[in-house]
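# Overview (structure and organization)
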Amino acid sequence: MTRSQEPDLTGLLSAAADGDREAFTALYDLTSARVYGLALRILADRSHAEEVVQESYLQCWQQADRFDARRGTALGWMMTITHRRAVDRVRAERLHRRRSAEYASAGAAVPEPPVGEDVERRDEAVTLRQCLGLLTALQRSTIEMSYFGGMSYPEVAEHTDTPLPTIKSRIRDGLRRLRRCVSEGAS
Amino acid sequence: MTTPEPGRLREDLDLFAVDALPPGEHARFAAELARLPAAQRAEFEAQIAEMQAVMAEYAARYSDRAPEELRQRVLADHAAAHPSDREAGDAPPVARIDRTRRRRGRAAIAVAAAAVVVGVAMGAGVLIGRASAPRPPADAVVEAAGAVFTAPDAQLASSALADGRGILTVVSSQERDQAVVTLGGVANPVPADRVLQLWKLDGGSTPVSAGLFSAPGGAPVVVDDLAAVAALAVTLEPSGGSAAPTTPILTELAL
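Everything quoted here is computed from the prediction, not taken from an experiment.

## Quick look at the sheet that holds strand β6 (residues 221-223) of chain B
All names here are of chain B. With antiparallel pairing, four strands are arranged side by side in an open sheet as β1-β2-β3-β6. On the outer flanks of this sheet lie β1 (155-160) and β6, each paired with one strand and no other. The sheet shows a mean angle of 20° between the axes of neighbouring strands, taken without regard to direction. Pairing of strand β2 (residues 167-173) with strand β3 (residues 178-184) involves seven bridges; the strand directions are antiparallel. Bridge assignment links Ser173 to a residue of β3, and that residue is Gln178.

Below, the structure written as structure tokens:
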């Protein structure tokens, strides 16, 4: 996504894996708000989120050789690791029961993108925002519930009291539309 | 074993990418993906990474500043696994303690965190694992910290300050008769006109100032004549420090 920034993060990740502490510090400082924000959003619990972040960075530099720069961005890879760990934990701890109640009461409100970032980031946010605009409200809220609530599609189905095949195709169609739109917008 | 069906995998590809499949289906997808012919697999993996990158961008909306204490823990994990001279055999006691207990003890993590703080404060990774390396520039704090960190009897203690003012970490050596004291993990920084002051307690008479923590993550305080010190304590004082504590003790650490 952030193409101009990407060579930096990839280089930092690789240097960090080789033991370069300055590189790792820089990598952390450039990515921690995203990584922590994601973990906190999914877990809604600071101490669980902090542990997941700590484990995720450990995994990032220990398994940096598994990252393939030809197949995605370093940031995307790191966020995927974090998401996976946060989801594993939320399911293990049954924290999503609490999250479910939260979604039920507040709906799946999505904050606006942060302001004051550099121009390119804003351009990308515009692309993403336009693509999100193509989704139906139901597609978007089920994607939110699943990705940021840490729920699998059967859990979303149960929570929304909707038939399983309906929810599965709703999430899938929404994700696919989003992916294709962003990919076309970026090219 | 059944042959993977690319069509069905294609259906579930985006759900897999965002961890929306339940555990059993997730594992089955991963296994079938791994058995696909290379070209087909590469195409699917590219689409999975693309989906993940989109969601990573989406997640930027929830960015949130991570606590400083977490930063120190994460950096300490990395530092502990990468001694700066890259020779485990020469690693000082603090690093060894850390390596054996890293995943369990918060105290052990704090040692490495303290080492990082000190290292940063000194402007380079001059301390860890450099027992026999050329001496760093003539700076009393650098020299004392280096000596204490690499002393064979180096011991660690740490304690959280009240009100989120930080975590006090003390690395001491009886042999050196010195301690190096750092303050990190500050959740609640002190106001601009206040400072955290370190006190030496000998168990009887009035506390004696051991120094000021100028800034979070700043230079450590070196305590000399440790034999005469029973405990260390921290209070919040007006900037410039006080002759004697004027506010309640935020933490006290027996040596």
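## Quick word on the interface of chain B and chain A
With 40 residues of chain B at the interface, the matching set in chain A holds 50 residues. Counting only elements with at least two residues in the side of chain B that touches chain A, the list comes to α1 (6-17), α3 (38-58) and α4 (68-81) of chain B. When residues of the side of chain B that touches chain A are assigned to their parent elements, the largest contribution, 12 residues, is made by α3 of chain B. Within the side of chain B that touches chain A, the residues separate by chemical class into 22 nonpolar, five polar and 13 charged.

## Some thoughts on the confidence of the model for chain A
Residue and element names in this part refer to chain A. When pLDDT is averaged across chain A, the result is 84; 78% of the residues are at 70 or more. Throughout residues 1-7 the model reports pLDDT below 50, and contacts reaching past four residues in sequence, or to other chains, amount to 14 contacts. Note that pLDDT drops below 50 for residues 104-108; the model gives that stretch four contacts with residues more than four away or on any other chain.

## Some remarks on α1 of chain B
In this model, α1 of chain B (12 residues) spans 16 Å end to end at C-alpha, consistent with the 16 Å of a helix rising 1.5 Å per residue. Asp19 of chain B sits one or two positions beyond α1 of chain B and adopts a positive phi of about 60°.

## Some details on the packing of α1 of chain B against α3 of chain B
Packed helices, taken two at a time, are described by their axes: the angle between them and the distance between them. Residues and elements named next belong to chain B. Their axes nearest at 8 Å, the elements α1 and α3 cross at an angle of 25°. Considering the angle they form, α1 stands roughly parallel to α3. Along this stretch, α1 crosses α3, giving a crossing that reads as right-handed. Side by side, α1 and α3 meet where Pro6, Leu9, Leu13, Asp14, Phe16 and Ala17 of the first sit next to Gln40, Phe44, Gln47, Ile48, Met51 and Gln52 of the second. Residue classes in the contact of α1 with α3 are distributed as eight nonpolar, three polar and one charged.

Each value, and the rule that gives it
Residues numbered from 1 in each chain as written. Chains lettered and ligands numbered in written order. Predicted model: local features only at pLDDT ≥ 70, side-chain atom pairs only at ≥ 80, totals over all residues. Pairing = 2+ DSSP bridges. Helix = DSSP H or I, 4+ residues; strand = E, 2+ residues; numbered from the N terminus. Axes fitted to C-alpha atoms, helices over the stretch in contact; angles between N-to-C directions. Contact = placed C-beta atoms within 7 Å. Nonpolar A, V, L, I, M, F, W, Y, C, P; charged D, E, K, R; others polar. pLDDT = per-residue confidence, 0-100. Expected span 1.5 Å × (residues − 1). Parallel < 35°, antiparallel > 145°, perpendicular 65-115°, else oblique. Left-handed = near helix turned anticlockwise from the far one by under 90°.

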